[in-house]
Amino acid sequence: MLRNPRTQLSRGALALTLSLTLTAPAPAAAADDYGLPSLTGSSQAVTGEEFRLGRAWLRQFRARAPLWQDAIAQDYLEALVTRLLPHSELTDTRPVVTLVDSRALNAFAVPGGVIGVNAGLFAFADEEDAVASVMAHELGHLSQRHYARGQARAEQTQLPAMAAMLAGMLIAASGGGDAGIAAAMGSQAAFIQDQLAYSRRFEQEADRLGLQAMAQAGYDPQAMVRMFRAMQRQVSLQGGNPPEFLLTHPLTESRISDAESRASQLEPTHSREGDPTYHLVRARALLTVHERDPQQAATRLAQDDAPAAARRYLDALIAAERGQVDSALGELDALARELPDLAMIPASAAEIAFEAGRYDDAIERSRRLLRLMPGYVPATQLLGEAMLQRDPNEAYRILRELADRRPEDPQVFTLLAEAAGRSGREAWGHLARAEHMQLTGEIDRAIRQLDVARRVAEQSGDSNALARIEQRREDFVGYRETMEKF
């Protein structure tokens with residue numbers, strides 16, 4: 001199913017993981033002013049080592065964090081990042097987006113083009129442009145290589161403290177409790193004063209590049225200022241306790257003033273008003289955040305004056321969760337007729353049909369949508385999953401093609417492994433399971449799984465599978481060497 005049980009981690013440990021990972025000491029930028037450095041030279045290119053470290057970190061993170069497994073929200077956010085990317089001056093890498101099942105207001109970026117977003121960001125931001133401002137800011141961090149520049153500064157000053165902090169972070173993320181938190185926070189305090197000025201400079205660089213990218217992609221740059229002000233109000237209402245995002249992205253009045261001044265000089269290249277897509281995705285996020293009391297999600301949408309379509313959409317999702325499947329499908333079908341360009345509405349209907357065990361209906365709905373929008377990932381993934389119940393060979397074909405398109409998606413490989421097993425492709429099934437393991441941080445188990453796949457391929461005489469397994473084993477060993485650095 002699209003909504004699988006998620007890896008569990010305490011909220012406090014998750015917040016610490018995100019906060020400490022992103023509070024890598026920030027180095028000096030240009031000494032003369034806060035202007036962006038030149039991006040014309042090779043110094044801004046992402047190195048192979050940064051890419052490998054980022055992907056290794058992501059695998060470790062997936063092993064510890066509660067992931068928000070929502071193909072529709074994932075597709076939406078990837079599309080948003082894709083719109084911003086040509087204007088972000090980020091080259092030589094393709095960002096990977098991961099969603100986190102946490103109500104905390106947070107987003108983060110690590111080297112190699114990894115961007116993480118909490119469901120809580122959608123719950124907090126009542127407009128698409130606000131989320132776009134956060135994504136543009138994170139892309140700014142990546143394009144300016146702030147992590148790598150921060151690491152260089154750490155090596156010159158307090159590398160042992162940085163190592164101790166990372167060790168404490170991993171202890172805390174693994175459930176080590178107060179001991180890990182104390183170790184991490186104590187090490188962080190040892191150098192935070194020395195690095196704070198650099199961190200503020202990096203934030204301002206990312207703001208400036210983000211504002212420019214927003215305007216060029218058609219988003220309202222003023223949304224970044226509105227987002228800053230909203231976070232300020234939250235701090236005030238919570239008695240000075242800032243959201244996780246501000247723990248890793250220091251917010252000062254001078255930073256807000258600078259963003260406000262620059263935003264006033266920029267105009268979006270084209271308007272994006274009138275599209276309710278974001279509000280539908282926000283409805284899904286609110287339902288995740290308020291999983292135990294869905295009515296709170298509906299109340300929140302109503303309080304924020306969300307479009308009627310979003311409120312109707314959320315009501316349909318809630319009805320489906322309460323077992324009122326026919327009512328939910330009827331409402332979504334009516335919405336789809338009114339808003340025929342929004343693929344997520346019929347995709348949501350197909351998802352509801354699948355989760356209700358109506359596999360033939362889910363297959364028909366997915367196929368109908370894919371005829372109108374070929375390649376739409378949520379519909380493709382759901383079609384492959386539904387076909388497991390009817391035609392495993394066809395499911396394998398669909399999911400194999402999807403895995404080729406999405407080699408960093410663990411959920412696709414979970415489904416592919418099942419399809420391979422049900423269709424009699426045992427060696428390929430073991431290989432797909434190994435891919436899922438390495439993507440979720442279990443590299444030693446993944447290598448052992450490859451050894452099983454190799455024995456099965458040898459016994460069955462599957463030379464194609466054997467060649468692929470040997471190639472991937474070499475890759476996996478390289479992954480393990482990189483992951484051992486954490």
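Before reading further, recall that the structure is shown in the block above.
These numbers were taken from a predicted model, which means no experiment stands behind them. Position numbers for residues count from 1 along each chain, tracking the sequence in the order it is written. Local features in a predicted model are, by the rule used here, given only for residues with pLDDT of at least 70; side-chain atom pairs are given and counted only at 80 or more, and totals for whole chains, interfaces and linings are based on all residues. To obtain the side-chain values, all non-hydrogen atoms of the structure were used and water was disregarded.

Draft legend 1. Here's a closer look at the environment of Arg262. In this fold, Arg262 is placed in helix α11 (residues 253–263). Burial here depends on accessible area, computed with a 1.4 Å probe over protein chains only, as a share of the maximum for the residue type. Under 20% is buried, over 50% is exposed, and the range in between is partly exposed. By relative accessible area, Arg262 is classed as partly exposed at 33%. Note: C-alpha distance between Arg262 and Arg208 (54 residues apart in sequence) is 7.4 Å. Apart from residues no more than four positions distant in its own chain, Arg262 is found in contact with Arg208 and Leu211. Put simply, DSSP marks the helices as runs of H or I at least four residues long and the strands as runs of E at least two long, and each gets a number from the N terminus on. Whether two residues are in contact is decided by their heavy atoms, any of which lying within 4.5 Å being enough.

Draft legend 2. A look at the packing of aromatic side chains. Here the aromatic set is Phe, Tyr and Trp, taking the six-membered ring for Trp, and pairing holds for ring centres within 6.5 Å; pairs whose planes are under 30 degrees apart are stacked, those over 60 apart are edge-to-face, and all others are tilted. Within the structure shown, the criterion is met by 7 aromatic pairs. Ring centres of Trp68 and Phe122 lie 5.9 Å apart, and the angle between their planes is 75°; on these two criteria the pair is classed as edge-to-face. Taken together, the residues span a long stretch of sequence, with Trp68 in the loop between α2 (48–64) and α3 (71–84) and Phe122 in helix α4 (residues 119–124) at a distance of 54 residues. Taking relative accessible area as the criterion, Trp68 reaches 3% and is therefore assigned buried.

Draft legend 3. Highlighting unusual backbone geometry. A positive phi is found at Asp305, a non-glycine position, where the angle reads about 55°. Position of Asp305 among the secondary structure elements: in the loop between α13 (294–303) and α14 (308–321).

Draft legend 4. Spatial organisation of the pattern of salt bridges. Note on definitions: salt bridges are taken to be side-chain nitrogens of Lys or Arg within 4 Å of carboxyl oxygens of Asp or Glu. Applying the stated criterion across every chain yields a total of 36 salt bridges. For Arg390, the salt bridge goes to Asp360, with nearest N and O atoms at 2.8 Å. Pair noted here: Arg390 is in the loop between α18 (377–387) and α19 (392–405) and Asp360 is in helix α17 (residues 359–372), with a separation of 30 residues, a long-range link. Here Glu418 ties to Arg422 by a salt bridge, and the two come within 2.5 Å at their closest N and O atoms. One end of the pair is Glu418 and the other is Arg422, both in helix α20 (residues 410–422) and 4 residues apart, which spans about a single turn. Taken together, the shared-partner salt bridges connect Arg55, Arg59, Arg62 and Glu408 into one network.

Draft legend 5. Spatial organisation of the sheet that holds strand β3 (residues 114–118). In this description, strands pair whenever DSSP reports at least two bridges between them. With mixed pairing, the 3 strands of this open sheet are ordered in space as β1-β3-β2. Where the open sheet ends on each side, the last strands, each with one partner, are β1 (96–100) and β2 (107–110). Each adjacent strand pair in this sheet contributes to an overall mean axis angle of 20°, direction not counted. Where β2 lies against β3, 4 bridges are found, and the strand directions are antiparallel. For helices, the fitted line uses only the C-alpha atoms of the stretch in contact; every axis is such a line through C-alpha atoms, and the angle between N-to-C directions lies from 0 to 180 degrees.

Draft legend 6. Expanded view of the environment of Val477. The residue Val477 is located in helix α23 (residues 463–483) in this model. For the pair Val477 and Ala446, spaced 31 residues apart in the sequence, the C-alpha separation amounts to 9.9 Å.

Draft legend 7. Region of the structure containing the packing of α14 against helix α16 (residues 344–355). The contact between α14 and α16 brings their axes to 11 Å, and the two run at 5°. With respect to α16, the axis of α14 lies roughly parallel. From α14, Tyr313, Ala316, Leu317 and Ala320 reach across to α16, where they touch Met344, Ser348 and Ile352. Of the residues that constitute the contact of α14 with α16, the class distribution is 6 nonpolar, 1 polar and no charged. Working rule for angles: under 35 degrees goes down as roughly parallel, over 145 as roughly antiparallel, 65 to 115 as roughly perpendicular, anything else as oblique. Three categories are distinguished: nonpolar for Ala, Val, Leu, Ile, Met, Phe, Trp, Tyr, Cys and Pro, charged for Asp, Glu, Lys and Arg, and polar for the others, with Gly belonging to the last.

Draft legend 8. Expanded view of the packing of α16 against α17. Between α16 and α17, whose axes approach to 7 Å, the crossing angle comes to 160°. Judged by the angle between their axes, α16 and α17 are roughly antiparallel. Note that α16 runs across α17; the crossing there is left-handed. Across the interface between the two elements, Pro346, Ala347, Ala349, Ala350, Ala353 and Phe354 of α16 pack against Tyr359, Asp361, Ala362, Arg365, Ser366 and Leu369 of α17. It is the rotation of the near helix from the far one that decides the hand of a crossing: anticlockwise by less than a right angle makes it left-handed, clockwise makes it right-handed.

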